[in-house]
Amino acid sequence: MRLLSILLIICFFFSCKNASEKRVESATTSEENLKEIVQDSLIYPEEKHFKNIRQVTFGGDNAEAYWSFDDKQLVFQSNYEQWGVGCDQMFLMDVDETFNGKQPPMISTGKGRTTCAYFLPDNKHYVYGSTHLVDENCPEVPLRKNGKYVWPVYDSFDIFVADLEGNITGQLTDEPGYDAEATVSPKGDKIVFTSMRSGDLELYTMNIDGSDVQQITNELGYDGGAFFSPDGTKLIFRSSRPKTEEEIAKYKGLLAEGLVEPTEMELYICNADGSDLRQLTNLGNANWSPFFHPSGKKILFSSNFEAERGFPFNLYLIDLDGKNLERVTHGETFDAFPVFSNDGKYLAFSSNRNNGGTRDTNLFIAEWQD
């Protein structure tokens, strides 16, 4: 589901400028510093948190790259047609790989639509959402409803466990309705996910074997995209919380059709058991794809709150008390899905930079510096 946000949001783009026009240029092009130029030319001048950056993919829509617990591999989702898929499937990569002219191994079934893969602590298995039990074909992707952008929340999604060869070894959910967006605590003991089992899109936690399911949120609205803090004690997530009668009626009407409207979302934070829930941002527009900074004291997230026409989306840092908002990326199109490595040294994210003026969204890995 989260990769769909790329496909939908980039529909806002009336034109995508060639990002190379604004990139840092080197004064020389000698052979010995060519490698540095290739890396640094992907960084905008104001992006002081990026020491260097490497482009990983070179076509299609690629997102949600999540690190193994030992930081040696990443799993990500892509719909790149040249890799033989018709909709989002899961792919595996070693941390130092790039895919310019070659294809990574697909580790999902190739059936249905998949979403939100995340490594388990053994580094040999991962969890992900898939629709393949209901239909082996790619489901339709509605983009607009009554002139507004929408996301589908397929009731055919369930959460599975698979090994790195693509063999499904377990099924963690079998409730009617949407179950997806699973992520794993850095402590390796819990999974947080979004489910429709209560009739609304709420957060739940469970043990990594699927036992001890606990409901975390219970307010009307779409609660999703949750991640644990580095010490496993807190959750950060995005939410649309309709308040007025008109907003509530609209939300419920769309949800009855398996849709949500993602254009107004704020970030919320709570303890891992759901206690001490509070709103973190109040910026307007869409604030989403949050992830804890390695210190556990800040949140890195994507937002278009400064945009006038839906774009650009850039990355921002904010303290846990909602103060000291800082812009991290400075693109003119789309930066989102930031995920720190477990050692805190690197950041994987998705971006429209360096896509040659196309709508391709690629993966990048930056060396992070505070």
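Residues numbered from 1 in each chain as written. Predicted model: local features only at pLDDT ≥ 70, side-chain atom pairs only at ≥ 80, totals over all residues. Heavy atoms only, no water.

Here we come to the sheet that holds strand β15 (residues 214-215). Taken together, four strands build an open sheet; the order of strands is β12-β13-β14-β15 and the sheet is antiparallel. Looking at the sheet topology across the chains shown, the edges are occupied by β12 (179-184) and β15. Here strand β14 (residues 202-207) pairs with β15 via two bridges, running antiparallel. The residue bridging Thr205 from the neighbouring strand is Gln214, located in β15. (Pairing = 2+ DSSP bridges. Helix = DSSP H or I, 4+ residues; strand = E, 2+ residues; numbered from the N terminus.)

Taken as a whole, the largest pocket spans an internal volume of roughly 480 Å³. Ser240, Arg241, Pro242, Glu247 and Glu264 are the residues nearest the centre of the largest pocket, which is lined by 20 residues in total. The greatest single-element share of the lining of the largest pocket, amounting to five residues, is contributed by helix α3 (residues 245-256). When grouped by side-chain class, the residues that make up the lining of the largest pocket number six nonpolar, six polar and eight charged. In this structure, the second largest pocket encloses a volume near 280 Å³. Lining the second largest pocket are 16 residues, with Pro186, Phe291, Phe340, Ser341 and Asn342 positioned closest to its centre. (1 Å grid on protein atoms, 1.4 Å probe; cavity = no way out; pocket = protein on both sides within 12 Å on 5 of 7 lines; lining within 4 Å. Points joined across faces, edges and corners; volume = space filled by probe spheres on them. Nonpolar A, V, L, I, M, F, W, Y, C, P; charged D, E, K, R; others polar.)

A few words on α3. Relative to the 16 Å expected for twelve residues at 1.5 Å per residue, α3 spans 16 Å between its end C-alpha atoms, a close match to the ideal helical length. Tyr251, Leu254 and Leu255 are the residues of α3 that are buried. One side of α3 carries all its buried residues, which in axial view fall inside an arc of 100 degrees. Away from its buried face by more than 90 degrees, α3 exposes Glu245, Glu246 and Ala256. Following α3 by one or two positions, Gly258 adopts a phi angle in the positive range, close to 75 degrees. (Expected span 1.5 Å × (residues − 1). Buried < 20%, exposed > 50% of the residue type's maximum accessible area, 1.4 Å probe, protein only. Arc of directions from axis to C-beta.)

Okay, the confidence of the model for the protein next. Here the protein averages 90 in pLDDT, and 89% of its residues register 70 or above. Contacts for the low-pLDDT stretch residues 2-39, under 50 throughout, to residues beyond four places or in other chains number 97 contacts. (pLDDT = per-residue confidence, 0-100. Contact = heavy atoms within 4.5 Å.)

This next bit is on unusual backbone geometry. The backbone phi angle of Asn285 is positive, close to 60 degrees, even though this residue is not glycine. As for its position among the elements, Asn285 is in the loop between β20 (278-279) and β21 (287-292). Non-glycine residue Asn324 carries a positive phi angle of around 60 degrees. Mapped onto the fold, Asn324 is located in the loop between β23 (314-319) and β24 (326-327). Relative accessible area serves as the criterion here: at 55%, Asn324 is assigned to the exposed category.

As a further point, take the state of the cysteines. Going through the model one piece at a time under the given rule, you end up with one disulfide. The disulfide partner of Cys87 is Cys138, and the S-S distance across this bridge is 2.2 Å. The sign of the S-S torsion, about -85 degrees, decides the handedness of the disulfide formed by Cys87 and Cys138: left-handed. Note that Cys87 is positioned in the loop between β3 (73-78) and β4 (89-94) and Cys138 in the loop between β6 (125-130) and β7 (144-145), a separation of 51 residues in sequence. (Disulfide = S-S within 2.5 Å.)

Spatially, β5-β6-β10-β11 is the arrangement adopted by the four strands of the open sheet, whose pairing is antiparallel. Of all strands in the sheet, those with a lone pairing partner are β5 (114-119) and β11 (168-171), marking the two edges. Neighbour to neighbour, the strand axes of the sheet diverge by 25 degrees on average, direction disregarded. Summarising the sheet, β5 and β6 pair through four bridges and their orientation is antiparallel. Opposite Thr115, over in β6, you have Gly129 as the bridge partner. (Axes fitted to C-alpha atoms, helices over the stretch in contact; angles between N-to-C directions.)

With that out of the way, let us pick up the nonpolar core. Residues Tyr126, Val127 and Ile299 are the most contacted members of the largest nonpolar core, which totals 65 residues. Discounting residues that sit within four places of it in the chain, Ile299 has contacts with Ile236, Leu267, Leu280, Pro290, Phe291, Phe292, Tyr316, Leu317, Ile318 and Leu320. Core analysis: the next-biggest nonpolar cluster, separate from the first, contains 19 residues, Leu201, Met265, Ala286 and Phe337 among them. (Core = buried A, V, L, I, M, F, W, Y, C linked by side-chain atoms within 4.5 Å.)

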